[in-house]
Amino acid sequence: MQFTKMQGLGNDFIVFDAINQTVELSPKQLRFLADRRFGVGCDQILLVEAAQSENTDFHYRIFNADGSEVEQCGNGARCFARFVRNKGLSDRDVIRVGTGGGDIQLYLEDNGWVRVDMGSPILQPDAIPFIADREQPVYDIEVNGQTLQIGAVSMGNPHAVLLVDNVKNAPVETLGPALEKHERFPRRVNVGFMKVRSPTEIDLRVFERGTGETLACGTGACAAVVSGQLRGLLKEGVRVHLPGGDLVICWEGGHSTLWMSGPAAEVFEGNIEL
């Protein structure tokens, strides 16, 4: 099978054209592909598929390094847009894509960045899903014998957001996996560690479910900005500094759409026999 290695701010992907070739991957094969010593190496595997509805141009599937399938990936969406343009699958500047988390629109910009309509955030606990009596900007949660305060947001996939004084010293390695599998998140959760620099600027590290910490997480950046706004700490437009680089997130609040802008790049192409 032919594949393309891509990255968005160091969040890296193996992308397969599943329109012009048959791609059927078992969880074991997905784990092999993602292995950085024995396989190709990536955070996630992306499948570009034919549209499943008249309202979209393509369908998009995302698999974590552990072989599990997830609903959405913002950095992957930008790579998706760059992939279909580079491979001649679409010549449109606006690409409509169906995902497990709902339909999204991708805009290829003149500066080489891709702007993504990430849809509206989901805040109702049952829909995240998160076990809580009612919707709140901040929730108390017991983890490793301590009480933490988190924001809970879904961007098509669930996120918990914690405020920290310094992302460099944030307990990502311990609290990340503890929260990922917390019983109050029935489908596990991505965990963001956010430092607010100013109302328009934050630092962020993200521990992704099924993968571990990545250099960047697009949905995590969106969830962090939503959580920061709900706490009264952030304005509508925010630059998010991630270990792999910057994203710009804009949200006007309420049921309005989040817009994410950032780069995406092709690394190399290859063929692999499984």
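Residues numbered from 1 in each chain as written. Predicted model: local features only at pLDDT ≥ 70, side-chain atom pairs only at ≥ 80, totals over all residues. Heavy atoms only, no water.

Undergrad: Would you mind going over the pattern of salt bridges with me for this structure?
TA: Charged atoms that come close allow side chains of opposite charge to pair. Applying the stated criterion across every chain, the model contains 20 salt bridges. Among the salt bridges present, the one from Arg96 reaches Asp57, with a minimum N-O distance of 3.0 Å. Residue Arg96 is found in strand β6 (residues 94-99), and its partner Asp57 is found in the loop between β3 (44-50) and β4 (58-64); the two are separated by 39 residues along the sequence. Since its relative accessible area comes to 18%, Asp57 is described here as buried. The partner of Asp246 in a salt bridge is Arg239, with the nearest N and O atoms 3.3 Å apart. Owing to a relative accessible area of 35%, Arg239 belongs among the partly exposed residues under this scheme. (Salt bridge = Lys/Arg side-chain N within 4 Å of Asp/Glu carboxyl O. Helix = DSSP H or I, 4+ residues; strand = E, 2+ residues; numbered from the N terminus. Buried < 20%, exposed > 50% of the residue type's maximum accessible area, 1.4 Å probe, protein only.)

Undergrad: I would appreciate a short explanation of helix α3 (residues 172-180) in the present structure.
TA: In an α-helix, one turn spans 3.6 residues, which is why side chains three or four residues apart end up on the same side. Three or more residues of α3 are buried, namely Val172, Leu175, Gly176, Leu179 and Glu180. Down the axis, α3 shows its buried residues gathered within 130° of arc, on one side only. Against β9 (139-143), β10 (146-154), β11 (158-163), β12 (190-198), β13 (201-208) and β14 (212-214) lie the buried residues of α3. (Arc of directions from axis to C-beta. Contact = heavy atoms within 4.5 Å.)

Undergrad: Explain the pairing of strand β2 (residues 11-17) here, please?
TA: Successive side chains on a regular strand alternate, one facing one side of the sheet and the next facing the other. Of all the seven residues making up β2, seven are buried; the element is thus mostly covered by neighbouring parts of the structure. The two faces of β2 match: Asn11, Phe13, Val15 and Asp17 on one face and Asp12, Ile14 and Phe16 on the other face are all buried. Bridge count for strand β1 (residues 2-8) against β2 is five bridges, and the pairing is antiparallel. Opposite Met6, over in β2, you have Phe13 as the bridge partner. Here β1 folds back onto β2, and the loop between the two strands holds two residues, one of which, Leu9, carries a positive phi near 60°. (Pairing = 2+ DSSP bridges.)

Undergrad: Help me understand the nonpolar core in this model?
TA: Generally speaking, a soluble globular protein has its nonpolar side chains buried in company with each other. Of all hydrophobic cores here, the largest spans 51 residues; its most connected members are Leu106, Val240 and Ile249. Beyond its immediate sequence surroundings of up to four residues, Val240 is in contact with Ile202, Leu204, Ala221, Val225, Gly245, Asp246, Leu247 and Ile249. (Core = buried A, V, L, I, M, F, W, Y, C linked by side-chain atoms within 4.5 Å.)

Undergrad: In this structure, what is going on with unusual backbone geometry? I would like to understand it.
TA: Peptide bonds are trans in most cases, and residues, glycine excluded, mostly fall at negative phi. Going from Ile128 to Pro129, the amide bond is cis rather than trans, its omega being -5°. Among the structural elements, Pro129 can be located in the loop between β8 (114-117) and β9. Non-glycine residue Leu9 carries a positive phi angle of around 60°. Tracing the backbone through its elements, the reader meets Leu9 in the loop between β1 and β2. You will see that Arg188, though not glycine, has its phi angle at about 65°, which is positive. Its location among the elements puts Arg188 in the loop between α3 and β12.

Undergrad: It is not clear to me how the environment of Asn20 should be interpreted in this structure. Could you clarify?
TA: Looking at the element boundaries, Asn20 is found in the loop between β2 and α1 (27-34). What makes Asn20 exposed here is its relative accessible area of 59%. C-alpha separation for the pair Asn20 and Leu89, spaced 69 residues apart in sequence, amounts to 9.9 Å. Looking at Asn20, its side chain comes within polar contact range of the side chain of Asp17, at 2.8 Å. (Polar contact = N/O pair within 3.5 Å; in protein donor to acceptor, adjacent residues only side chain to side chain.)

Undergrad: In this structure, what is going on with a nonpolar patch on the surface? I would like to understand it.
TA: Residues Phe32, Phe38 and Leu274 make up a contiguous nonpolar surface patch of roughly 330 Å² in combined accessible area. By secondary structure assignment, the location of Phe38 is in the loop between α1 and β3. With relative accessibility at 66%, the residue Phe38 sits in the exposed group. (Patch = residues over 30% accessible without salt bridge, like charges linked within 9 Å, V, L, I, M, F, W, Y side chains within 5 Å. Areas by Shrake-Rupley, 256 points an atom, 1.4 Å probe, with all protein chains shown as cover.)

Undergrad: What's the story with the state of the cysteines in this structure? I'm lost.
TA: Here, disulfide denotes a covalent bond that connects the sulfur atoms of two cysteines. According to the stated counting rule, one finds zero disulfides in the structure shown. With no disulfide of its own, Cys73 lies closest to Cys217 among cysteine sulfurs, the gap being 6.6 Å. For Cys73, a relative accessible area of 4% gives the class buried. (Disulfide = S-S within 2.5 Å.)

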